Amino acid sequence: MAAASTSVAILPSARRSCDAGKSRSFVFSSRSSKSVSFPSQPRRRTGNLRIACSVSLTDREVRTGGPDDLVDSILSKVSETDRGVSLKKEEHAAVGEVAGELQKYCVSEPVKCPLIFGEWDVVYCSNPTSPGGGYRSSVGRLFFKTKEMVQAVEAPDTVRNKVKFSLFGFLDGEVSLKGKLIALDGSWIQVIFEPPQLKVGSLNFQYGGESEVKLQITYVDEKIRLGKGSRGALFVFQRIG
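Criteria and cut-off values
- Residues numbered from 1 in each chain as written.
- Predicted model: local features only at pLDDT ≥ 70, side-chain atom pairs only at ≥ 80, totals over all residues.
- Heavy atoms only, no water.
- Helix = DSSP H or I, 4+ residues; strand = E, 2+ residues; numbered from the N terminus.
- Buried < 20%, exposed > 50% of the residue type's maximum accessible area, 1.4 Å probe, protein only.
- Areas by Shrake-Rupley, 256 points an atom, 1.4 Å probe, with all protein chains shown as cover.
- Disulfide = S-S within 2.5 Å.
- Polar contact = N/O pair within 3.5 Å; in protein donor to acceptor, adjacent residues only side chain to side chain.
- Contact = heavy atoms within 4.5 Å.
- Expected span 1.5 Å × (residues − 1).
- Salt bridge = Lys/Arg side-chain N within 4 Å of Asp/Glu carboxyl O.
- 1 Å grid on protein atoms, 1.4 Å probe; cavity = no way out; pocket = protein on both sides within 12 Å on 5 of 7 lines; lining within 4 Å.
- Points joined across faces, edges and corners; volume = space filled by probe spheres on them.
- Nonpolar A, V, L, I, M, F, W, Y, C, P; charged D, E, K, R; others polar.
- Core = buried A, V, L, I, M, F, W, Y, C linked by side-chain atoms within 4.5 Å.

1. A closer look at the overall build of the protein chain
For the protein chain, the helix and strand inventory stands at five helices and 14 strands. Each of the 241 residues in the protein chain was classed as buried or not, and the buried ones make up 42%. For the protein chain, the exposed surface amounts to about 12800 Å²; the carbon and sulfur share of it is 50%.

In structure tokens, the structure reads:
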């Protein structure tokens, strides 16, 4: 739900789900490197038995706690922040750091992974006006209180964005867009949106023109999806369906 958007389990689980689609030529990367060595004959000493072993761990997962902990960490950092609006600069940086670590666990071609399909809550964006456009600007938020921001990705190539809001605190409305998803490569997608549809009270009309957005999928599993817009904005989507 980037610029146009008025838009673990974790790696082992994600791999299981994506592996189920191997007939679609999904490719996955492995980043684990663990070696354990034991002497073939343990040394015996009088009165006790001593087994010596050496363990070499070079996997980043051991130091970070793995993608499970990283997913929990990034969700805790963006929770109750009005989708990132209330975070300070250093807090945005902390979210970006965790997102960078999670990217290391991403499957090699996330665009081909069926886990991208589903209904997603937009829980964070490093640029508050990227999802929701003018409705989420500093002025727009004075009049429009965001109640829901959802993106549905439907097979094979449909994206539906919806922003529900309250105008002046008492008049409910929503803006929705329907777009066509185009895979640019293994991680980048482009979505071309039709003109947005606006509903406020009994009014229902279409306005504006077509728009488009490009987004790189940097991580996806059964719980969250991370994306980076063409201008560098970071998005965190949490699965709700």
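Still to come is the rest of the account.
2. Details of the state of the cysteines
Enumeration over the complete set of coordinates arrives at zero disulfides. Looking at the unpaired Cys106, the closest cysteine sulfur is the one in Cys113, lying at 8.2 Å. Given a relative accessible area of 7%, Cys106 falls into the buried group.

3. Overview of the side chain of Arg225
Tracing the backbone through its elements, the reader meets Arg225 in strand S13 (residues 224–229). Side-chain polar atoms of Arg225 contact the side chain of Gln151, separated by 2.6 Å. Those residues in contact with Arg225, other than ones at most four positions away along the chain, are Ile116, Trp120, Gln151, Val153, Leu215, Ile217, Tyr219, Val220, Phe235, Val236 and Phe237.

4. Brief notes about helix H3 (residues 66–78)
For H3, with 13 residues, the first-to-last C-alpha span of 19 Å sits near the 18 Å given by 1.5 Å per residue. Of the residues trailing H3, Glu80 is marked for its positive phi of about 60 degrees.

5. Observations concerning the pattern of salt bridges
What the rule picks out here adds up to eight salt bridges. Notably, a salt bridge pairs Asp72 with Lys223, separated by 3.4 Å at the nearest N-O pair. Pair noted here: Asp72 is in helix H3 and Lys223 is in the loop between strand S12 (211–220) and S13, with a separation of 151 residues, a long-range link. The exposure class of Asp72 is partly exposed, given its relative accessible area of 42%. Here Glu154 ties to Arg160 by a salt bridge, and the two come within 3.1 Å at their closest N and O atoms. What makes Glu154 partly exposed here is its relative accessible area of 32%.

6. Some remarks on empty space enclosed by the protein
Where empty space is left in the structure can be found by rolling a water-sized probe over the atoms. The calculated volume of the second largest cavity comes to roughly 30 Å³. Lining the second largest cavity are Ile116, Val153, Leu181, Ile189, Ile217 and Arg225. In terms of residue class, the lining of the second largest cavity is built from five nonpolar, no polar and one charged.

7. Considering the side chain of Thr81
Its place among the elements puts Thr81 in the loop between H3 and helix H4 (89–103). Apart from the residues lying within four places of it in its own chain, the contact partners of Thr81 are Ser86 and Leu87.

8. Some words on the nonpolar core
In terms of nonpolar packing, the biggest core is built from 48 residues, with Ile74, Leu102, Tyr124, Tyr219, Ile224 and Leu226 touching the most fellow members. Discounting residues that sit within four places of it in the chain, Ile74 has contacts with Val95, Val98, Ala99, Leu102, Ile224, Leu226 and Val236.

9. Some thoughts on H4
In this model H4 runs 21 Å from its N-terminal to its C-terminal C-alpha over 15 residues, within 8% of the 21 Å that 1.5 Å per residue would give. Among all positions of H4, only His92, Val95, Val98, Ala99, Glu101 and Leu102 are buried.

10. Some details on the environment of Ile217
As for its position among the elements, Ile217 is in strand S12. Excluding its chain neighbours within four sequence positions, the residues that come into contact with Ile217 are Pro110, Val111, Ile116, Ser187, Ile189, Arg225, Leu226 and Gly227.

11. Quick look at the environment of Ile240
Along the chain, the position of Ile240 falls in the segment after strand S14 (234–239). Sequence separation of Ile240 and Val150 is 90 residues, and the distance between their C-alpha atoms is 9.0 Å. Excluding residues within four positions of it along the chain, Ile240 makes contact with Glu119, Trp120, Asp121 and Val150.

12. Focus: the layout of surface pockets
Counted as a void, the second largest pocket has a volume near 220 Å³. Around the second largest pocket, the lining residues are Leu75, Val78, Ser79, Glu80, Thr81, Asp82, Arg83, Asp121, Val122, Val123, Thr146 and Gln238. Contributing elements (two or more residues each) for the lining of the second largest pocket: H3 and strand S5 (118–125). A total of three residues in the lining of the second largest pocket trace back to one element, the largest contributor, which is S5. Looking at the lining of the second largest pocket, its residues break down into four nonpolar, four polar and four charged.

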